[in-house]
Amino acid sequence: DVKVTQSSRYLVKRTGEKVFLECVQDMDHENMFWYRQDPGLGLRLIYFSYDVKMKEKGDIPEGYSVSREKKERFSLILESASTNQTSMYLCASSPGTGGAFFGQGTRLTVV
Amino acid sequence: AQSVTQLDSHVSVSEGTPVLLRCNYSSSYSPSLFWYVQHPNKGLQLLLKYTSAATLVKGINGFEAEFKKSETSFHLTKPSAHMSDAAEYFCVVSDLNTNAGKSTFGDGTTLTVKP
């Protein structure tokens, strides 16, 4: 069974903290993605990566960075968390032939 | 550029009746199209995908969708709704030739199933 695992289901952080969201896939996929999902705004792409050490900005990269040191792991970093980054974060991986597999999501609350 | 429009934000059906969730897309290339389902507090699960093979695509849980190029549509259907089908559904278009298959999501359709 294919698997995309996000390290936390729920996370509460304080404003100004540095936050790491981790995502691991076991399918040897080249492509990995980070989205955030907000009511009324749908899913928006933050960053994606098509290879180790490669990254591309998505639609809303401001306030975020990413790291892809190994093929199976794609990390999302909030350098200085703010309350407007409270959201559901979804990681996905894709083989490039169509269709992405999603993790269960991390609900992040910044207080 | 690519975009996708889900024509209904909410659909309500009775258990045992047919389901129709509508999706229109636009894409500069031959698109790949997907439907995902998301149950409350869960991640997204792939229901089915169209990638230029048969235009009628069968997915999991009895769902199917038909790709109609002339109408730029990819509507999701199921002959008989079950209570467990209540969830949010997303139509997605993706161009596999560029941007690592970056996907564009519709705004979602919430399906309610009444007993």
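Because the structure is predicted, anything quoted here is derived from the model rather than measured.

(A) A look at the pairing of strand β2 (residues 10–14) of chain B. All names here are of chain B. The two faces of β2 differ: Val 11 and Val 13 on one face are buried, but His 10, Ser 12 and Ser 14 on the other face are not. Looking at chain direction, β2 and strand β12 (residues 109–114) are connected through five bridges and run parallel. By the bridge assignment, Ser 14 is partnered in β12 with Lys 114.

(B) Fine view of the state of the cysteines. All chains considered together, the criterion is met by two disulfides over all chains. Covalent S-S linkage joins Cys23(A) and Cys91(A), the inter-sulfur distance amounting to 1.9 Å. Linking Cys23(A) and Cys91(A), the disulfide has an S-S dihedral of approximately -75° and is accordingly described as left-handed. Here Cys23(A) is found in strand β4 (residues 23–25), whereas its partner Cys91(A) is found in strand β10 (residues 87–94), with 68 residues between them in sequence. An identical accessibility class is assigned to Cys23(A) and Cys91(A); each is buried. Here Cys23(B) pairs with Cys91(B) through a disulfide, and the sulfurs are 1.9 Å apart. Residues Cys23(B) and Cys91(B) share a disulfide whose torsion about the S-S bond is about -70°; that sign makes it left-handed. With Cys23(B) in strand β4 (residues 23–27) and Cys91(B) in strand β10 (residues 87–94), this residue pair connects regions lying 68 residues apart in the sequence.

(C) Quick peek at the interface of chain B and chain A. Across the contact, 17 residues belong to chain B and 21 residues belong to chain A. Summing the contributions of chain B and of chain A, the shared interface buries around 1600 Å²; its carbon and sulfur component is 56%. Taken together, chain B and chain A are joined by zero salt bridges. Secondary-structure elements contributing two or more residues to the side of chain B that touches chain A are β5 (32–38), β6 (44–50) and β11 (103–105) of chain B. If you tally residues by element for the side of chain B that touches chain A, the top one is β5(B), at three residues. Broken down by class, the residue content of the side of chain B that touches chain A amounts to seven nonpolar, seven polar and three charged.

Conventions adopted
Residues numbered from 1 in each chain as written. Chains lettered and ligands numbered in written order. Predicted model: local features only at pLDDT ≥ 70, side-chain atom pairs only at ≥ 80, totals over all residues. Heavy atoms only, no water. Buried < 20%, exposed > 50% of the residue type's maximum accessible area, 1.4 Å probe, protein only. Helix = DSSP H or I, 4+ residues; strand = E, 2+ residues; numbered from the N terminus. Pairing = 2+ DSSP bridges. Disulfide = S-S within 2.5 Å. Contact = heavy atoms within 4.5 Å. Buried area = accessible area lost by both parts, 1.4 Å probe. Salt bridge = Lys/Arg side-chain N within 4 Å of Asp/Glu carboxyl O. Nonpolar A, V, L, I, M, F, W, Y, C, P; charged D, E, K, R; others polar.

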